[in-house]
Amino acid sequence: MTNRVAAADSRNANAAVRRLGFWSAVLTAVFAAAFFAVGIATPVRSIPYPYVASFIPNDYLWMYPAFLLAPTFVVLVACIHSYAADERKVFSQIALSFAVVYAAVITTDYFIQWTVVEPSILSGETAGLALFTQYNPHGLVVSLESLAYLMMNGAFVFAAAVFAGGRLERALRWLFVASFVVAVGSFVGLSLLGYAIVTFEVAVITINCVVLVISGVLLSVVFKRPGVVGPSV
């Protein structure tokens, strides 16, 4: 009797992880696509010092899907951690840690824009805002975004170690590894060539959004498949 109850509890837990994993993967792909699309549609503006402009709310709309992407990605990586085989859970735990750092940095970055920068501009209190506005090519917004999305790449490369076996798993593994290599290579290369951090910011966001859309679709298929949570080997 006890064994049957334990088995039923395990099946229910597995089903819950599959459902949560499926929907977090779908939403990750949707939010990443919306973030990228709205960001592309937002005009690129060259604002002189002190980098203050009142294009509100249009120039801040892209932050909403980007903000929602952060907690959704954390949930997705938590589901990957539950999916991982026991001997690979150390890698998924590290990936989850990187995901949490990414989410904490990026949500703080965007929340400051909504609650500090926008109200200050609207009220005409613009003294000291130069470091905090998104139009500053070497300001905190760009710097924190670059850091956050590098942390996301850290989550990618450790999550890659979870996946083994079938074609979907191999595709996910190589997609995550390739994105890490390209992102870190871009950071090092652009830094050595003397490019402003904003160039890397655009590059890493583009890389990560593409990876999130593709991996979101692939992971939704992985989690949709029936069976016990855990990769085939």
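Structure first, text after, so check above.
None of the values given here were measured: they were computed from a predicted structure.

### So, a nonpolar patch on the surface
A contiguous nonpolar patch, built from V184, F187, V188 and L192 and spanning about 350 Å² of accessible area, is present on the exposed surface. Mapped onto the secondary structure, V188 falls in helix α5 (residues 167-192). By relative accessible area, V188 is classed as partly exposed at 41%.

### Points about the pattern of salt bridges
Going through the model one piece at a time under the given rule, you end up with two salt bridges. The residue D59 makes a salt bridge to R45 at a minimum N-O spacing of 2.6 Å. Here D59 is found in the loop between α1 (2-41) and α2 (63-83), whereas its partner R45 is found in the loop between α1 and α2, with 14 residues between them in sequence. Judged by relative accessible area, D59 falls into the buried class, the value being 1%. Overall, the relative accessible area of 27% leaves R45 in the partly exposed class. Here R225 ties to E169 by a salt bridge, and the two come within 2.4 Å at their closest N and O atoms. Taken together, the positions of R225 in the segment after α6 (197-224) and E169 in helix α5 put the pair 56 residues apart, joining distant regions of the chain. Residue classification places R225 among the partly exposed residues on the basis of a relative accessible area of 36%.

Cut-offs and rules
- Residues numbered from 1 in each chain as written.
- Predicted model: local features only at pLDDT ≥ 70, side-chain atom pairs only at ≥ 80, totals over all residues.
- Heavy atoms only, no water.
- Patch = residues over 30% accessible without salt bridge, like charges linked within 9 Å, V, L, I, M, F, W, Y side chains within 5 Å.
- Areas by Shrake-Rupley, 256 points an atom, 1.4 Å probe, with all protein chains shown as cover.
- Salt bridge = Lys/Arg side-chain N within 4 Å of Asp/Glu carboxyl O.
- Helix = DSSP H or I, 4+ residues; strand = E, 2+ residues; numbered from the N terminus.
- Buried < 20%, exposed > 50% of the residue type's maximum accessible area, 1.4 Å probe, protein only.

In short, geometric facts, not functional conclusions.
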